[in-house]
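Architecture at a glance
Read off the chains here:
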There are 2 protein chains.
Amino acid sequence: MQLAVSTVILALRPTPDGSGTTLWLPLVRRIREPFLGAWALPGEPLEEHMSLVEAARARLRHTIGLDPNYLEQLYAFGGVDRSRDGSSPDAPCPERVVSIVYWALVRADEDARMVAGENVAWFPAEQLPALAFDHAAIVDYALARLRAKLEYTPIAHAFLPDEFTLTEVREVYEAVLGRGLDPANFRRQILASGAVEPTGEKVTGTSHRPPSLYRYRPDSVATSPTPPPRSAA
Amino acid sequence: MQLAVSTVILALRPTPDGSGTTLWLPLVRRIREPFLGAWALPGEPLEEHMSLVEAARARLRHTIGLDPNYLEQLYAFGGVDRSRDGSSPDAPCPERVVSIVYWALVRADEDARMVAGENVAWFPAEQLPALAFDHAAIVDYALARLRAKLEYTPIAHAFLPDEFTLTEVREVYEAVLGRGLDPANFRRQILASGAVEPTGEKVTGTSHRPPSLYRYRPDSVATSPTPPPRSAA
(Lines give C-alpha, C1' and ligand atoms only; values in the text may rest on other atoms or scores of the structure.)
Protein backbone atom coordinates (compact mmCIF):
# COMPACT_ATOMS: atom_id res chain seq x y z
CA MET A 1 0.00 0.00 0.00
CA GLN A 2 1.30 3.45 -0.89
CA LEU A 3 0.48 6.81 0.67
CA ALA A 4 0.44 9.84 -1.64
CA VAL A 5 -0.28 13.54 -1.21
CA SER A 6 -2.12 15.14 -4.14
CA THR A 7 -3.34 18.65 -4.83
CA VAL A 8 -6.29 20.37 -6.47
CA ILE A 9 -5.17 23.88 -7.45
CA LEU A 10 -7.92 26.30 -8.46
CA ALA A 11 -7.54 29.71 -10.08
CA LEU A 12 -9.98 32.09 -11.75
CA ARG A 13 -9.12 32.86 -15.36
CA PRO A 14 -11.01 34.03 -18.46
CA THR A 15 -13.24 31.42 -20.10
CA PRO A 16 -11.79 29.94 -23.35
CA ASP A 17 -14.14 32.13 -25.43
CA GLY A 18 -13.27 35.23 -23.39
CA SER A 19 -16.89 35.85 -22.41
CA GLY A 20 -16.37 35.67 -18.66
CA THR A 21 -14.34 34.14 -15.83
CA THR A 22 -14.24 30.53 -14.69
CA LEU A 23 -12.29 28.08 -12.54
CA TRP A 24 -9.18 26.49 -14.03
CA LEU A 25 -6.85 23.86 -12.65
CA PRO A 26 -3.46 22.46 -13.60
CA LEU A 27 -3.06 18.78 -14.47
CA VAL A 28 0.06 16.70 -15.00
CA ARG A 29 0.47 14.20 -17.83
CA ARG A 30 1.45 10.81 -16.42
CA ILE A 31 4.74 9.39 -17.58
CA ARG A 32 4.28 5.89 -16.11
CA GLU A 33 1.71 3.11 -15.73
CA PRO A 34 -1.03 2.86 -14.65
CA PHE A 35 -2.81 5.43 -16.80
CA LEU A 36 0.37 6.21 -18.79
CA GLY A 37 -0.23 9.38 -20.84
CA ALA A 38 -3.43 10.34 -19.03
CA TRP A 39 -3.89 13.62 -17.17
CA ALA A 40 -3.85 13.53 -13.37
CA LEU A 41 -3.82 15.79 -10.33
CA PRO A 42 -0.33 16.83 -9.21
CA GLY A 43 0.78 14.40 -6.53
CA GLU A 44 3.64 12.27 -5.23
CA PRO A 45 4.23 9.46 -2.74
CA LEU A 46 4.70 10.91 0.74
CA GLU A 47 8.38 11.12 1.65
CA GLU A 48 9.52 9.90 5.06
CA HIS A 49 10.85 13.29 6.23
CA MET A 50 7.86 15.43 5.18
CA SER A 51 4.64 16.15 7.02
CA LEU A 52 1.46 16.04 4.93
CA VAL A 53 1.22 19.80 4.51
CA GLU A 54 4.93 20.08 3.70
CA ALA A 55 4.44 17.47 0.98
CA ALA A 56 1.48 19.45 -0.40
CA ARG A 57 3.51 22.68 -0.42
CA ALA A 58 6.42 20.94 -2.19
CA ARG A 59 4.03 19.61 -4.84
CA LEU A 60 2.56 23.11 -5.36
CA ARG A 61 5.98 24.68 -5.81
CA HIS A 62 6.94 21.92 -8.26
CA THR A 63 3.73 22.26 -10.29
CA ILE A 64 3.13 26.02 -10.42
CA GLY A 65 6.35 27.51 -9.03
CA LEU A 66 4.75 28.93 -5.88
CA ASP A 67 2.86 28.04 -2.76
CA PRO A 68 -0.50 29.88 -2.66
CA ASN A 69 -1.79 31.63 0.42
CA TYR A 70 -4.90 29.43 0.72
CA LEU A 71 -4.07 25.77 1.30
CA GLU A 72 -6.30 23.31 3.16
CA GLN A 73 -6.59 19.58 3.55
CA LEU A 74 -9.56 18.46 1.47
CA TYR A 75 -10.09 14.75 2.11
CA ALA A 76 -8.34 11.38 2.17
CA PHE A 77 -9.36 9.05 -0.66
CA GLY A 78 -8.73 5.38 -0.05
CA GLY A 79 -11.12 3.20 -2.05
CA VAL A 80 -9.61 -0.26 -2.49
CA ASP A 81 -9.74 -0.25 -6.30
CA ARG A 82 -9.12 3.41 -7.04
CA SER A 83 -5.75 2.77 -8.72
CA ARG A 84 -7.18 0.26 -11.18
CA ASP A 85 -7.58 1.33 -14.82
CA GLY A 86 -11.12 0.26 -15.77
CA SER A 87 -10.36 0.76 -19.47
CA SER A 88 -7.51 -1.80 -19.29
CA PRO A 89 -9.11 -4.72 -17.41
CA ASP A 90 -6.27 -7.06 -18.40
CA ALA A 91 -3.50 -4.79 -17.06
CA PRO A 92 -1.67 -6.08 -13.99
CA CYS A 93 -3.31 -4.85 -10.79
CA PRO A 94 -1.38 -1.78 -9.57
CA GLU A 95 -0.38 -1.25 -5.95
CA ARG A 96 -3.10 0.29 -3.82
CA VAL A 97 -2.65 4.04 -3.18
CA VAL A 98 -4.32 6.09 -0.46
CA SER A 99 -4.23 9.79 -1.43
CA ILE A 100 -4.48 12.62 1.05
CA VAL A 101 -5.65 15.56 -1.04
CA TYR A 102 -5.01 19.24 -0.33
CA TRP A 103 -6.64 22.07 -2.20
CA ALA A 104 -5.13 25.45 -2.96
CA LEU A 105 -6.89 28.61 -4.14
CA VAL A 106 -4.80 31.02 -6.19
CA ARG A 107 -5.23 34.81 -6.14
CA ALA A 108 -4.81 36.76 -9.39
CA ASP A 109 -1.51 38.28 -8.26
CA GLU A 110 -0.24 34.79 -7.38
CA ASP A 111 -1.50 33.48 -10.74
CA ALA A 112 0.53 36.18 -12.52
CA ARG A 113 3.71 34.93 -10.81
CA MET A 114 3.19 31.24 -11.63
CA VAL A 115 5.67 29.16 -13.58
CA ALA A 116 4.25 25.88 -14.88
CA GLY A 117 6.33 22.75 -14.25
CA GLU A 118 7.14 20.05 -16.76
CA ASN A 119 4.17 18.15 -18.26
CA VAL A 120 1.76 20.62 -16.64
CA ALA A 121 -1.20 22.17 -18.47
CA TRP A 122 -4.20 24.16 -17.27
CA PHE A 123 -7.80 23.26 -18.10
CA PRO A 124 -11.19 24.84 -17.35
CA ALA A 125 -12.74 22.85 -14.49
CA GLU A 126 -15.88 22.24 -16.54
CA GLN A 127 -13.98 20.99 -19.60
CA LEU A 128 -11.49 18.49 -18.23
CA PRO A 129 -10.02 15.65 -20.28
CA ALA A 130 -10.46 12.06 -19.00
CA LEU A 131 -8.52 11.85 -15.73
CA ALA A 132 -6.48 9.01 -14.25
CA PHE A 133 -7.57 7.06 -11.15
CA ASP A 134 -10.61 8.56 -9.35
CA HIS A 135 -9.28 12.07 -9.93
CA ALA A 136 -12.44 13.24 -11.73
CA ALA A 137 -14.42 12.41 -8.55
CA ILE A 138 -11.83 14.26 -6.45
CA VAL A 139 -12.16 17.39 -8.62
CA ASP A 140 -15.98 17.15 -8.40
CA TYR A 141 -15.69 16.92 -4.62
CA ALA A 142 -13.37 19.95 -4.44
CA LEU A 143 -15.75 22.01 -6.60
CA ALA A 144 -18.76 20.98 -4.48
CA ARG A 145 -16.88 21.85 -1.29
CA LEU A 146 -15.83 25.23 -2.70
CA ARG A 147 -19.42 26.05 -3.71
CA ALA A 148 -20.73 24.97 -0.29
CA LYS A 149 -18.09 26.98 1.58
CA LEU A 150 -18.91 30.04 -0.51
CA GLU A 151 -22.34 30.02 1.18
CA TYR A 152 -21.22 29.93 4.80
CA THR A 153 -17.60 31.12 4.94
CA PRO A 154 -15.64 34.08 3.51
CA ILE A 155 -13.70 31.71 1.20
CA ALA A 156 -14.17 34.08 -1.76
CA HIS A 157 -11.49 36.12 -0.01
CA ALA A 158 -8.90 33.57 -1.16
CA PHE A 159 -9.39 34.73 -4.77
CA LEU A 160 -9.40 38.48 -4.03
CA PRO A 161 -6.75 41.11 -3.38
CA ASP A 162 -6.71 42.80 0.05
CA GLU A 163 -9.00 45.58 -1.21
CA PHE A 164 -11.67 45.09 -3.85
CA THR A 165 -14.95 46.40 -5.20
CA LEU A 166 -18.28 44.65 -4.56
CA THR A 167 -18.43 43.95 -8.31
CA GLU A 168 -15.18 42.01 -8.01
CA VAL A 169 -16.61 39.92 -5.15
CA ARG A 170 -19.74 39.20 -7.19
CA GLU A 171 -17.62 38.13 -10.15
CA VAL A 172 -15.85 35.58 -7.91
CA TYR A 173 -19.21 34.19 -6.76
CA GLU A 174 -20.51 34.08 -10.33
CA ALA A 175 -17.41 32.29 -11.62
CA VAL A 176 -17.43 29.70 -8.82
CA LEU A 177 -21.19 29.09 -8.96
CA GLY A 178 -21.23 29.14 -12.76
CA ARG A 179 -24.22 31.48 -13.00
CA GLY A 180 -25.05 35.18 -13.01
CA LEU A 181 -26.23 36.92 -9.83
CA ASP A 182 -28.42 39.97 -9.53
CA PRO A 183 -26.03 42.86 -8.70
CA ALA A 184 -28.39 44.71 -6.32
CA ASN A 185 -29.41 41.55 -4.42
CA PHE A 186 -25.80 40.40 -4.17
CA ARG A 187 -24.69 43.78 -2.88
CA ARG A 188 -27.40 43.79 -0.22
CA GLN A 189 -26.65 40.22 0.91
CA ILE A 190 -22.87 40.56 1.12
CA LEU A 191 -23.21 43.80 3.11
CA ALA A 192 -25.88 42.26 5.40
CA SER A 193 -23.61 39.26 6.08
CA GLY A 194 -21.15 41.60 7.78
CA ALA A 195 -18.20 39.80 6.16
CA VAL A 196 -16.87 42.89 4.36
CA GLU A 197 -16.46 46.52 5.35
CA PRO A 198 -15.69 49.70 3.37
CA THR A 199 -12.07 50.88 3.50
CA GLY A 200 -13.26 54.48 3.05
CA GLU A 201 -11.31 54.69 -0.23
CA LYS A 202 -12.47 54.58 -3.83
CA VAL A 203 -10.91 53.11 -6.94
CA THR A 204 -8.56 55.70 -8.41
CA GLY A 205 -8.69 56.15 -12.16
CA THR A 206 -10.51 57.93 -14.87
CA SER A 207 -14.09 57.00 -13.99
CA HIS A 208 -16.21 59.97 -12.91
CA ARG A 209 -18.13 57.74 -10.46
CA PRO A 210 -15.39 55.50 -9.02
CA PRO A 211 -16.64 52.48 -7.03
CA SER A 212 -15.88 52.12 -3.31
CA LEU A 213 -13.24 49.73 -2.03
CA TYR A 214 -13.98 47.06 0.59
CA ARG A 215 -11.98 44.56 2.64
CA TYR A 216 -12.87 41.40 4.58
CA ARG A 217 -13.28 42.00 8.32
CA PRO A 218 -10.52 40.20 10.25
CA ASP A 219 -13.12 38.37 12.40
CA SER A 220 -15.21 37.30 9.41
CA VAL A 221 -13.14 34.14 9.01
CA ALA A 222 -14.41 32.83 12.36
CA THR A 223 -16.85 30.40 10.75
CA SER A 224 -14.09 28.50 8.91
CA PRO A 225 -13.23 25.18 10.53
CA THR A 226 -10.42 25.72 13.02
CA PRO A 227 -7.29 24.18 11.53
CA PRO A 228 -5.63 21.53 13.68
CA PRO A 229 -2.30 22.35 15.30
CA ARG A 230 0.35 22.93 12.65
CA SER A 231 2.71 20.28 13.97
CA ALA A 232 0.05 17.59 13.60
CA ALA A 233 -0.70 18.03 9.90
CA MET B 1 5.66 4.37 7.25
CA GLN B 2 2.35 3.00 8.47
CA LEU B 3 -1.18 4.11 7.63
CA ALA B 4 -3.80 3.80 10.37
CA VAL B 5 -7.49 4.64 10.65
CA SER B 6 -8.53 6.01 14.05
CA THR B 7 -11.86 7.16 15.47
CA VAL B 8 -13.18 9.82 17.81
CA ILE B 9 -16.53 8.59 19.15
CA LEU B 10 -18.67 11.19 20.95
CA ALA B 11 -21.80 10.59 23.01
CA LEU B 12 -23.80 12.77 25.39
CA ARG B 13 -24.01 11.34 28.91
CA PRO B 14 -24.61 12.73 32.40
CA THR B 15 -21.71 14.63 33.94
CA PRO B 16 -19.80 12.65 36.62
CA ASP B 17 -21.54 14.64 39.38
CA GLY B 18 -24.95 14.14 37.74
CA SER B 19 -25.61 17.88 37.49
CA GLY B 20 -26.01 17.98 33.71
CA THR B 21 -25.01 16.42 30.39
CA THR B 22 -21.63 16.48 28.69
CA LEU B 23 -19.61 14.87 25.89
CA TRP B 24 -17.93 11.54 26.62
CA LEU B 25 -15.65 9.42 24.48
CA PRO B 26 -14.24 5.91 24.65
CA LEU B 27 -10.49 5.32 24.86
CA VAL B 28 -8.48 2.12 24.54
CA ARG B 29 -5.60 1.22 26.83
CA ARG B 30 -2.49 0.47 24.76
CA ILE B 31 -1.03 -3.00 25.13
CA ARG B 32 2.21 -2.36 23.22
CA GLU B 33 4.98 0.20 22.81
CA PRO B 34 5.18 3.08 22.15
CA PHE B 35 3.03 4.53 24.95
CA LEU B 36 2.45 1.07 26.50
CA GLY B 37 -0.32 1.40 29.12
CA ALA B 38 -1.44 4.85 28.01
CA TRP B 39 -4.96 5.63 26.78
CA ALA B 40 -5.45 6.21 23.07
CA LEU B 41 -8.14 6.71 20.45
CA PRO B 42 -9.48 3.46 18.99
CA GLY B 43 -7.54 2.75 15.81
CA GLU B 44 -5.75 0.11 13.75
CA PRO B 45 -3.39 -0.11 10.79
CA LEU B 46 -5.38 0.00 7.55
CA GLU B 47 -5.86 -3.47 6.12
CA GLU B 48 -5.25 -4.08 2.43
CA HIS B 49 -8.83 -5.16 1.62
CA MET B 50 -10.66 -2.36 3.46
CA SER B 51 -11.54 1.13 2.30
CA LEU B 52 -10.99 3.94 4.80
CA VAL B 53 -14.62 4.15 5.84
CA GLU B 54 -14.91 0.36 6.10
CA ALA B 55 -11.89 0.38 8.42
CA ALA B 56 -13.52 3.11 10.54
CA ARG B 57 -16.78 1.14 10.76
CA ALA B 58 -14.91 -2.02 11.75
CA ARG B 59 -13.10 -0.11 14.51
CA LEU B 60 -16.40 1.31 15.78
CA ARG B 61 -18.01 -2.13 15.94
CA HIS B 62 -14.94 -3.50 17.72
CA THR B 63 -14.84 -0.65 20.27
CA ILE B 64 -18.51 -0.04 21.08
CA GLY B 65 -20.31 -2.98 19.48
CA LEU B 66 -22.14 -0.89 16.87
CA ASP B 67 -21.68 1.45 13.97
CA PRO B 68 -23.37 4.83 14.70
CA ASN B 69 -25.54 6.61 12.17
CA TYR B 70 -23.29 9.70 12.03
CA LEU B 71 -19.80 8.93 10.74
CA GLU B 72 -17.60 11.40 8.90
CA GLN B 73 -13.97 11.71 7.95
CA LEU B 74 -12.43 14.30 10.28
CA TYR B 75 -8.84 14.87 9.16
CA ALA B 76 -5.59 13.11 8.27
CA PHE B 77 -2.82 13.63 10.82
CA GLY B 78 0.70 13.07 9.54
CA GLY B 79 3.25 15.05 11.53
CA VAL B 80 6.68 13.46 11.14
CA ASP B 81 7.28 12.98 14.88
CA ARG B 82 3.75 12.28 16.10
CA SER B 83 4.51 8.68 17.11
CA ARG B 84 7.44 9.67 19.32
CA ASP B 85 6.96 9.49 23.09
CA GLY B 86 8.32 12.80 24.40
CA SER B 87 8.38 11.45 27.96
CA SER B 88 10.76 8.63 26.92
CA PRO B 89 13.40 10.47 24.90
CA ASP B 90 15.75 7.48 25.03
CA ALA B 91 13.21 4.99 23.66
CA PRO B 92 13.93 3.67 20.15
CA CYS B 93 12.27 5.85 17.52
CA PRO B 94 8.97 4.18 16.52
CA GLU B 95 7.84 3.80 12.92
CA ARG B 96 6.09 6.85 11.52
CA VAL B 97 2.29 6.54 11.41
CA VAL B 98 -0.11 8.66 9.35
CA SER B 99 -3.61 8.46 10.88
CA ILE B 100 -6.78 9.14 8.96
CA VAL B 101 -9.30 10.00 11.65
CA TYR B 102 -13.07 9.52 11.44
CA TRP B 103 -15.51 10.87 13.98
CA ALA B 104 -18.79 9.30 15.02
CA LEU B 105 -21.65 10.89 16.94
CA VAL B 106 -23.80 8.52 18.99
CA ARG B 107 -27.53 8.99 19.62
CA ALA B 108 -28.96 8.09 23.04
CA ASP B 109 -30.75 5.02 21.66
CA GLU B 110 -27.50 3.87 20.04
CA ASP B 111 -25.64 4.57 23.30
CA ALA B 112 -28.09 2.30 25.14
CA ARG B 113 -27.26 -0.58 22.78
CA MET B 114 -23.48 -0.23 23.08
CA VAL B 115 -21.20 -3.01 24.24
CA ALA B 116 -17.72 -1.86 25.24
CA GLY B 117 -14.80 -3.85 23.79
CA GLU B 118 -11.78 -5.11 25.69
CA ASN B 119 -9.57 -2.43 27.32
CA VAL B 120 -12.16 0.24 26.51
CA ALA B 121 -13.29 2.88 29.01
CA TRP B 122 -15.34 6.06 28.63
CA PHE B 123 -14.16 9.48 29.84
CA PRO B 124 -15.72 12.96 29.89
CA ALA B 125 -14.14 14.93 27.03
CA GLU B 126 -13.10 17.70 29.42
CA GLN B 127 -11.45 15.30 31.91
CA LEU B 128 -9.30 13.03 29.78
CA PRO B 129 -6.23 11.22 31.08
CA ALA B 130 -2.87 11.83 29.35
CA LEU B 131 -3.25 10.43 25.82
CA ALA B 132 -0.75 8.60 23.61
CA PHE B 133 0.74 10.16 20.45
CA ASP B 134 -0.93 13.46 19.40
CA HIS B 135 -4.35 12.11 20.32
CA ALA B 136 -5.10 14.97 22.74
CA ALA B 137 -4.69 17.43 19.83
CA ILE B 138 -6.95 15.22 17.68
CA VAL B 139 -9.68 15.24 20.35
CA ASP B 140 -9.35 19.03 20.68
CA TYR B 141 -9.72 19.35 16.92
CA ALA B 142 -12.82 17.12 16.87
CA LEU B 143 -14.44 19.15 19.66
CA ALA B 144 -13.64 22.45 17.91
CA ARG B 145 -15.06 21.12 14.65
CA LEU B 146 -18.21 19.90 16.40
CA ARG B 147 -18.74 23.30 18.05
CA ALA B 148 -18.15 25.12 14.77
CA LYS B 149 -20.53 22.84 12.85
CA LEU B 150 -23.20 23.34 15.50
CA GLU B 151 -23.33 27.00 14.39
CA TYR B 152 -23.85 26.48 10.67
CA THR B 153 -25.17 22.93 10.17
CA PRO B 154 -27.93 20.79 11.71
CA ILE B 155 -25.29 18.50 13.29
CA ALA B 156 -27.16 18.51 16.64
CA HIS B 157 -29.55 16.16 14.82
CA ALA B 158 -26.95 13.40 15.16
CA PHE B 159 -27.51 13.30 18.94
CA LEU B 160 -31.32 13.49 18.81
CA PRO B 161 -34.12 11.00 18.19
CA ASP B 162 -36.34 11.53 15.12
CA GLU B 163 -38.80 13.62 17.17
CA PHE B 164 -37.79 15.83 20.08
CA THR B 165 -38.75 18.86 22.12
CA LEU B 166 -36.99 22.22 21.73
CA THR B 167 -35.70 21.77 25.29
CA GLU B 168 -33.94 18.59 24.17
CA VAL B 169 -32.28 20.44 21.27
CA ARG B 170 -31.14 23.19 23.63
CA GLU B 171 -29.69 20.61 26.02
CA VAL B 172 -27.59 19.20 23.14
CA TYR B 173 -26.30 22.69 22.33
CA GLU B 174 -25.56 23.40 25.99
CA ALA B 175 -23.71 20.12 26.47
CA VAL B 176 -21.60 20.56 23.32
CA LEU B 177 -20.84 24.23 23.94
CA GLY B 178 -20.29 23.65 27.67
CA ARG B 179 -22.44 26.62 28.76
CA GLY B 180 -26.06 27.45 29.47
CA LEU B 181 -28.22 29.16 26.84
CA ASP B 182 -31.22 31.40 27.40
CA PRO B 183 -34.29 29.20 26.67
CA ALA B 184 -36.41 31.93 25.04
CA ASN B 185 -33.56 33.21 22.85
CA PHE B 186 -32.60 29.69 21.83
CA ARG B 187 -36.18 28.82 20.95
CA ARG B 188 -36.50 31.93 18.79
CA GLN B 189 -33.20 31.33 17.00
CA ILE B 190 -33.69 27.63 16.23
CA LEU B 191 -37.19 28.33 14.89
CA ALA B 192 -35.93 31.30 12.84
CA SER B 193 -33.16 29.15 11.34
CA GLY B 194 -35.83 27.01 9.66
CA ALA B 195 -33.93 23.82 10.50
CA VAL B 196 -36.73 22.24 12.53
CA GLU B 197 -40.49 22.04 12.08
CA PRO B 198 -43.33 20.99 14.42
CA THR B 199 -44.65 17.47 13.91
CA GLY B 200 -48.10 18.59 15.15
CA GLU B 201 -47.84 16.13 18.05
CA LYS B 202 -47.12 16.71 21.74
CA VAL B 203 -45.21 14.65 24.27
CA THR B 204 -47.59 12.09 25.75
CA GLY B 205 -47.43 11.61 29.49
CA THR B 206 -48.62 13.01 32.75
CA SER B 207 -47.81 16.70 32.28
CA HIS B 208 -50.85 18.95 32.04
CA ARG B 209 -49.00 21.25 29.58
CA PRO B 210 -47.10 18.74 27.40
CA PRO B 211 -44.38 20.30 25.15
CA SER B 212 -44.65 20.13 21.36
CA LEU B 213 -42.57 17.72 19.31
CA TYR B 214 -40.35 18.84 16.45
CA ARG B 215 -38.28 17.16 13.73
CA TYR B 216 -35.45 18.33 11.46
CA ARG B 217 -36.60 19.32 7.99
CA PRO B 218 -35.23 16.90 5.36
CA ASP B 219 -33.67 19.77 3.39
CA SER B 220 -32.04 21.34 6.44
CA VAL B 221 -28.89 19.28 5.95
CA ALA B 222 -28.13 21.14 2.70
CA THR B 223 -25.35 23.21 4.28
CA SER B 224 -23.31 20.15 5.27
CA PRO B 225 -20.33 19.50 3.02
CA THR B 226 -21.33 17.13 0.25
CA PRO B 227 -19.73 13.76 0.98
CA PRO B 228 -17.52 12.40 -1.79
CA PRO B 229 -18.70 9.38 -3.76
CA ARG B 230 -18.94 6.33 -1.50
CA SER B 231 -16.61 4.22 -3.60
CA ALA B 232 -13.81 6.77 -3.23
CA ALA B 233 -13.64 6.89 0.57
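Rules and cut-offs
- Residues numbered from 1 in each chain as written.
- Chains lettered and ligands numbered in written order.
- Predicted model: local features only at pLDDT ≥ 70, side-chain atom pairs only at ≥ 80, totals over all residues.
- Heavy atoms only, no water.
- Helix = DSSP H or I, 4+ residues; strand = E, 2+ residues; numbered from the N terminus.
- Rg over C-alpha atoms; globule rule 2.2 N^0.38 Å.
- UniProt positions renumbered as here; feature names shortened; annotations may be inferred.
- Domains from an automatic or database assignment.
- Contact = heavy atoms within 4.5 Å.
- Buried area = accessible area lost by both parts, 1.4 Å probe.
- Salt bridge = Lys/Arg side-chain N within 4 Å of Asp/Glu carboxyl O.
- Polar contact = N/O pair within 3.5 Å; in protein donor to acceptor, adjacent residues only side chain to side chain.
- Buried < 20%, exposed > 50% of the residue type's maximum accessible area, 1.4 Å probe, protein only.
- Phe/Tyr/Trp six-rings, centres within 6.5 Å; stacked < 30°, edge-to-face > 60°.
- Expected span 1.5 Å × (residues − 1).
- Axes fitted to C-alpha atoms, helices over the stretch in contact; angles between N-to-C directions.
- Left-handed = near helix turned anticlockwise from the far one by under 90°.
- Nonpolar A, V, L, I, M, F, W, Y, C, P; charged D, E, K, R; others polar.

**Re the overall build of chain A**
A count of helices and strands for chain A gives five helices and nine strands. N-terminal to C-terminal, the α/β element order of chain A is β-β-β-β-α-β-β-α-β-α-α-α-β-β. At 19 Å, chain A has a C-alpha radius of gyration in line with the 17 Å of a compact globule built from 233 residues. With respect to the three principal axes, the spread of C-alpha positions in chain A is 65 × 45 × 30 Å.

**Observations concerning the UniProt feature "domain: Nudix hydrolase" (unreviewed entry) in chain A**
Look at the UniProt record and you will see "domain: Nudix hydrolase" (unreviewed entry) annotated at residues 27-136 of chain A. Between the first and last C-alpha atoms of residues 27-136 of chain A the distance is 11 Å; the span itself is 18% helix and 28% strand.

**Let's talk about the domain arrangement of chain A**
Residues and elements named next belong to chain A. With domains assigned, chain A is organised as domain 1 (2-151) and domain 2 (153-221). Its C-alpha centre places domain 1 at a distance of 28 Å from the equivalent point of domain 2. Counting from both sides, the interface comprises 17 residues of domain 1 and, opposite them, twelve residues of domain 2. Taking both sides of the interface into account, the surface hidden between domain 1 and domain 2 amounts to around 1,300 Å²; carbon and sulfur atoms contribute 74%. When residues of domain 1 are sorted by the area they lose upon contact with domain 2, Leu-12, Arg-107 and Leu-150 head the list and together hold 44% of the total. If you look at where domain 1 meets domain 2, you find zero salt bridges. Summed over the shared surface of domain 1 and domain 2, the number is three residue pairs in polar contact (both at pLDDT 80 or more). Every element with two or more residues in the side of domain 1 that touches domain 2 is listed here: strand 1 (2-14), strand 2 (21-29), strand 6 (97-106) and helix 3 (135-152).

**Considerations on the environment of A:Arg145**
Residues and elements named next belong to chain A. Structurally, the position occupied by Arg-145 is in helix 3. Among the residues examined, Arg-145 registers a relative accessible area of 13% and is labelled buried. Placed 93 residues apart in sequence, Arg-145 and Leu-52 show a C-alpha to C-alpha distance of 20 Å.

**Re the environment of B:Ser212**
Residues and elements named next belong to chain B. Here Ser-212 lies in strand 9 (residues 212-216). With relative accessibility at 27%, the residue Ser-212 sits in the partly exposed group. When the C-alpha atoms of Ser-212 and Glu-201 are compared, they prove to be 6.1 Å apart, with eleven residues separating the residues in sequence. Residues contacting Ser-212, with those up to four places away along its chain left out, are Phe-164, Thr-165, Glu-201 and Lys-202. A polar side-chain atom of Ser-212 sits 3.3 Å from a polar atom in the side chain of Lys-202.

**Topic: the packing of aromatic side chains**
Residue and element names in this part refer to chain A. Under the criterion given, the structure shown has 17 aromatic pairs over all chains. Ring plane angle 80° and centroid distance 6.1 Å describe the contact between Phe-77 and Tyr-141, whose orientation is recorded as edge-to-face. Of this pair, Phe-77 sits in strand 5 (residues 70-77) while Tyr-141 sits in helix 3, and the two are 64 residues apart along the sequence. The exposure classification of Phe-77 matches that of Tyr-141, with both residues buried. The rings of Tyr-75, Phe-77 and Tyr-141 are connected pair by pair, giving a single aromatic cluster.

**Considering helix 1 (residues 52-64) of chain B**
Residues and elements named next belong to chain B. In this model helix 1 runs 18 Å from its N-terminal to its C-terminal C-alpha over 13 residues, within 8% of the 18 Å that 1.5 Å per residue would give. Taken together, the buried positions of helix 1 are occupied by Leu-52, Val-53, Ala-55, Ala-56, Ala-58, Arg-59, Leu-60, Thr-63 and Ile-64. At the exit of helix 1 stands Gly-65, carrying a positive phi of roughly 80°.

**Considering the packing of helix 3 (residues 135-152) of chain B against helix 4 (residues 166-177) of chain B**
All names here are of chain B. Contact geometry for helix 3 and helix 4: axes closest at 10 Å, N-to-C directions at 145°. The element helix 3 and its partner helix 4 pack so that their crossing is left-handed. The residues of helix 4 that touch helix 3, namely those facing Leu-146, Arg-147, Leu-150 and Glu-151, are Tyr-173, Val-176 and Leu-177. Residue composition of the contact of helix 3 with helix 4, by class: five nonpolar, no polar and two charged.

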